[in-house]
Amino acid sequence: AQSVTQPDIHITVSEGASLELRCNYSYGATPYLFWYVQSPGQGLQLLLKYFSGDTLVQGIKGFEAEFKRSQSSFNLRKPSVHWSDAAEYFCAVGRISNFGNEKLTFGTGTRLTIIP
Amino acid sequence: EAQVTQNPRYLITVTGKKLTVTCSQNMNHEYMSWYRQDPGLGLRQIYYSMNVEVTDKGDVPEGYKVSRKEKRNFPLILESPSPNQTSLYFCASSPGRTISTYEQYFGPGTRLTVT
């Protein structure tokens, strides 16, 4: 069965430091991969997505992610975090359902705390 | 402003009392979906709709109903709510049927408590 694992429940980073959030997936075919961000009290917003082509994907707010097929990973990175980056981050994989429709499976999320 | 709206934003109810959470989008999107978010479980899809009168079960459909009579609206119905349906609910929409290609736009969420 398809699955997404975010091994870090909570990460704390100093403002200005670099960030890497981990995401591992399990999916038989070529995956469609996404990172969403959820700010406190808000809905989810798409940061970036990968379908094919260049394995390094640029997103909004200075984020990037790298698809590594050999490691089944799609880690999210940012070179220098800002206090406004404090939020919960979700990795998701698009998959084909039994009825041929496409569905998203989300990971359990990583909560990011920024300290001064 | 392009948006997905949900009502109510907060709801406290009692076991067995039927309720409906409304969802509306003004972007003429074909695809709409309901998710529930629970601590440690992330988001799980309840139901989705590829177009008017076309709906299908997600990963956790038990205890929920939906309908899609108009393109813009996708209400979530709990016929007999139970405490295990206490959760944060999100409605989302997408411009195309292939959600792997198109971004999903999420509403602000509805926090439901069933006592």
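Above this text is the structure in question.
Given the structure is predicted, the values throughout are model-derived calculations rather than measurements.

Caption draft 1: Quick look at the overall build of chain A. Counting its regular elements, chain A contains 0 helices and 12 strands. Seen in sequence order, chain A has helices and strands lined up from the N terminus as β-β-β-β-β-β-β-β-β-β-β-β. Here the C-alpha atoms of chain A give a radius of gyration of 14 Å, agreeing with the 13 Å that 2.2 N^0.38 yields for 116 residues. Along the first, second and third principal axes, the C-alpha atoms of chain A reach 50 × 30 × 20 Å.

Caption draft 2: Quick peek at the interface of chain A and chain B. In this assembly, 24 residues from chain A lie in contact with 26 residues from chain B. Applying the counting criterion to the chain A and chain B interface returns 0 salt bridges. Applying the counting rule to chain A against chain B returns 2 residue pairs in polar contact (both at pLDDT 80 or more). Secondary-structure elements contributing two or more residues to the side of chain A that touches chain B are β5 (32–38), β6 (44–50), β10 (87–96) and β11 (102–106) of chain A.

Caption draft 3: Representation of the state of the cysteines within the structure. Residues and elements named next belong to chain A. Under the counting rule described, the total for this entry stands at 2 disulfides over all chains. A disulfide bridge connects Cys-23 with Cys-91, and the sulfur atoms are separated by 1.9 Å. In this structure, the disulfide formed by Cys-23 and Cys-91 twists by about -65 degrees around the S-S bond and is classed as left-handed. Of this pair, Cys-23 sits in the loop between β3 (19–21) and β4 (24–26) while Cys-91 sits in strand β10, placing them 68 residues apart in sequence.

Caption draft 4: Geometry of the pattern of salt bridges. All names here are of chain A. Counted by the stated rule, this structure contains 9 salt bridges over all chains. In this structure, Asp-8 engages Arg-22 in a salt bridge whose closest nitrogen and oxygen atoms are separated by 2.8 Å. With Asp-8 in the loop between β1 (3–5) and β2 (10–14) and Arg-22 in the loop between β3 and β4, this pair connects stretches of sequence that are 14 residues apart. Since its relative accessible area comes to 37%, Arg-22 is described here as partly exposed. Through salt bridges with shared partners, one network takes in Glu-64, Glu-66 and Arg-77.

Caption draft 5: Structural context of the packing of aromatic side chains. Going through the model one piece at a time under the given rule, you end up with 15 aromatic pairs over all chains. Taken together, a centroid distance of 5.2 Å and an interplanar angle of 85 degrees make the contact between Tyr-32 of chain A and Phe-51 of chain A edge-to-face. Residue Tyr-32 of chain A is found in strand β5, and its partner Phe-51 of chain A is found in the loop between β6 and β7 (56–58); the two are separated by 19 residues along the sequence. Between Phe-34 of chain A and Phe-51 of chain A, the ring centres sit 5.9 Å apart and the planes meet at 70 degrees, which makes this aromatic pair edge-to-face. Separated by 17 residues along the polypeptide, Phe-34 of chain A in strand β5 and Phe-51 of chain A in the loop between β6 and β7 bring together distant segments of the chain. What makes Phe-34 of chain A buried here is its relative accessible area of 0%. Pairwise contacts between aromatic rings join Tyr-32, Phe-34, Tyr-36, Phe-51 and Phe-106 of chain A together with Tyr-35, Phe-90 and Phe-106 of chain B into one cluster.

Caption draft 6: The sheet that holds strand β3 (residues 19–25) of chain B, seen in detail. If you walk across this open sheet you meet the 4 strands as β1-β3-β8-β7 (chain B), and the pairing is antiparallel. Looking along the sheet, the strands with just one partner apiece sit at the ends: β1 (4–7) and β7 (65–66) of chain B.

Caption draft 7: Representation of the nonpolar core. In this structure, Leu-19, Trp-35, Leu-47, Leu-48, Phe-74, Leu-76 and Tyr-89 of chain A are the most contacted members of the largest nonpolar core, which totals 27 residues. Taken together, the elements giving at least two residues each to this core come down to β2, β3, β5, β6, β8 (64–68), β9 (73–78), β10 and β12 (110–115) of chain A. The greatest single-element share of this core, amounting to 4 residues, is contributed by β10 of chain A. Formed by 19 residues, the second largest nonpolar core is a distinct cluster that contains Val-60, Phe-74, Leu-78 and Tyr-89 of chain B.

Caption draft 8: The arrangement of the side chain of Ser-93 of chain B in detail. Residues and elements named next belong to chain B. Residue placement: Ser-93 occurs in strand β9 (residues 87–94). Residue Ser-93 is classed as buried on the basis of its relative accessible area, which comes to 0%. Polar contacts involving the side chain of Ser-93 include one to the side chain of His-29, which spans 2.7 Å. The residues touching Ser-93, leaving out its near neighbours within four places in the chain, are Val-4, Gln-25, Met-27, His-29, Tyr-31, Met-32, Glu-103, Gln-104 and Tyr-105.

Rules behind the numbers
- Residues numbered from 1 in each chain as written.
- Chains lettered and ligands numbered in written order.
- Predicted model: local features only at pLDDT ≥ 70, side-chain atom pairs only at ≥ 80, totals over all residues.
- Heavy atoms only, no water.
- Helix = DSSP H or I, 4+ residues; strand = E, 2+ residues; numbered from the N terminus.
- Rg over C-alpha atoms; globule rule 2.2 N^0.38 Å.
- Contact = heavy atoms within 4.5 Å.
- Salt bridge = Lys/Arg side-chain N within 4 Å of Asp/Glu carboxyl O.
- Polar contact = N/O pair within 3.5 Å; in protein donor to acceptor, adjacent residues only side chain to side chain.
- Disulfide = S-S within 2.5 Å.
- Buried < 20%, exposed > 50% of the residue type's maximum accessible area, 1.4 Å probe, protein only.
- Phe/Tyr/Trp six-rings, centres within 6.5 Å; stacked < 30°, edge-to-face > 60°.
- Pairing = 2+ DSSP bridges.
- Core = buried A, V, L, I, M, F, W, Y, C linked by side-chain atoms within 4.5 Å.

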